[in-house]
Amino acid sequence: MLVRSEIAGLTGVVLGNTLLMSLAVIAFTATDNFYIALPCAFVAGAAMVITGVGAQTLVQAAVEPQMRGRIMALYGMIFRAGPALGAVLMGSLSERFGLRLPLAIGAVVSIAVWAGIWAKQRHIADKLESEPPRKGAVGAAIKAAD
C-alpha cells in the first residue's frame, strides 16, 4: 500500500485481500496445529489491514473535498461500531457452539458477500477510482487552479 502511486486498481486490491482474509480465517478454523494456525492468523491480519487502508483510501478519494470530513467521520463510526457488534454476536455464538464454527460461518458469509461484489467490481471501480465531481466554491477554486 505504501508504494502505490495511484488509486487505479485499488478496488481489486481491496477485494482480493478481502477474499484472502476470509480464506485465511477458514484455514485457521480448520487446523489444530499451532504452527499452521499462526501463519493463517498473520495472513488474515495483514489482509485485513490492507483491506481497511485500501477501503478508506477509496472512500476519501471518491467524495468531494468539502464532504470528506463528514464522510470519514461516518466511516470511522461504522468501522468501529460494526466490529464491536460483530464481536458481541461472535462471542454469544461461541459460548454456545465454540469458537471455530462461528468464525468459519463468518468467513463463509464474507466470501458470499465478496462474490456478489466481485461480480460488480468493474462498475464499482469505475465509481470509486474516478475523480469526484467538483461542486460549489471549493470545486470552482480547484478547477481554476487546474
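Keep in mind that this is a model prediction, so the values were computed, not measured. (Residues numbered from 1 in each chain as written. Predicted model: local features only at pLDDT ≥ 70, side-chain atom pairs only at ≥ 80, totals over all residues. Heavy atoms only, no water.)

J.: What exactly am I supposed to notice about the packing of helix H3 (residues 68-97) against helix H4 (residues 100-118) here?
T.: Two measures define how a pair of helices packs: the angle their axes make with one another and the distance between the axes. At a minimum axis separation of 7 Å, H3 and H4 run at an interaxial angle of 135 degrees. In terms of axis orientation, H3 runs oblique to H4. On H4, the residues that touch Met90, Leu93, Ser94 and Phe97 of H3 are Leu101, Pro102 and Leu103. For the contact of H3 with H4, the residue count by class is six nonpolar, one polar and no charged. (Axes fitted to C-alpha atoms, helices over the stretch in contact; angles between N-to-C directions. Helix = DSSP H or I, 4+ residues; strand = E, 2+ residues; numbered from the N terminus. Parallel < 35°, antiparallel > 145°, perpendicular 65-115°, else oblique. Contact = heavy atoms within 4.5 Å. Nonpolar A, V, L, I, M, F, W, Y, C, P; charged D, E, K, R; others polar.)

J.: Quick question: what am I supposed to make of the layout of surface pockets here?
T.: Picture a little ball the size of a water molecule; that probe, rolled over the atoms, points out where space is still empty. Of the voids in this model, the largest pocket is the one considered here, and its volume is about 1500 Å³. Every residue lining the largest pocket is counted, 43 residues in all, and those nearest its centre are Thr18, Met21, Met48, Phe79 and Ser110. Listing elements by their share of the lining of the largest pocket, those giving two or more residues are helix H1 (10-30), helix H2 (34-62), H3, H4 and helix H5 (121-128). With 12 residues, H2 is the single largest residue contributor to the lining of the largest pocket. Of the residues contributing to the lining of the largest pocket, the split by class is 33 nonpolar, 10 polar and no charged. (1 Å grid on protein atoms, 1.4 Å probe; cavity = no way out; pocket = protein on both sides within 12 Å on 5 of 7 lines; lining within 4 Å. Points joined across faces, edges and corners; volume = space filled by probe spheres on them.)

J.: Got a minute to help me understand the environment of Val43 in this structure?
T.: Topologically, Val43 is positioned in helix H2. Taking the C-alpha atoms as reference, Val43 lies 9.5 Å from Leu23; in sequence the two are 20 residues apart. What Val43 contacts, discounting residues up to four positions off in sequence, is Leu20 and Ala24.

J.: In this structure, what is going on with the side chain of Asn17? I would like to understand it.
T.: Examined against the element boundaries, Asn17 turns out to sit in helix H1. Excluding its chain neighbours within four sequence positions, the residues that come into contact with Asn17 are Ala47, Ile50 and Thr51.

J.: Can you walk me through the confidence of the model for the protein in this structure?
T.: Low-pLDDT portions of the prediction should not be read for the details of their coordinates. Of all residues in the protein, 87% have pLDDT values of 70 or greater, and the mean over the chain is 84. Within the protein, the lowest mean pLDDT, 48, falls on helix H6 (residues 136-145), and the highest, 93, falls on H1. Here residues 137-142 scores under 50 on pLDDT; set against residues more than four positions off or in separate chains, the count is five contacts. (pLDDT = per-residue confidence, 0-100.)

J.: Mind showing me how you'd approach a nonpolar patch on the surface here?
T.: On the surface, a cluster of nonpolar side chains totalling about 690 Å² of accessible area is made up of Leu89, Leu93, Phe97, Leu101, Ile105, Val109, Val113 and Ile117. Mapped onto the nonpolar patch, the elements with two or more residues apiece are H3 and H4. With five residues, H4 is the largest single contributor of residues to the nonpolar patch. By the secondary structure assignment, Ile105 is in helix H4. (Patch = residues over 30% accessible without salt bridge, like charges linked within 9 Å, V, L, I, M, F, W, Y side chains within 5 Å. Areas by Shrake-Rupley, 256 points an atom, 1.4 Å probe, with all protein chains shown as cover. Salt bridge = Lys/Arg side-chain N within 4 Å of Asp/Glu carboxyl O.)

J.: Would you take a moment to explain the side chain of Thr51 for this structure?
T.: Note on placement: Thr51 falls in helix H2. Taking relative accessible area as the criterion, Thr51 reaches 13% and is therefore assigned buried. Of note is the side chain of Thr51, whose polar atom sits 2.8 Å from the backbone oxygen of Ala47. Beyond its immediate sequence surroundings of up to four residues, Thr51 is in contact with Val14, Asn17 and Thr18. (Buried < 20%, exposed > 50% of the residue type's maximum accessible area, 1.4 Å probe, protein only. Polar contact = N/O pair within 3.5 Å; in protein donor to acceptor, adjacent residues only side chain to side chain.)

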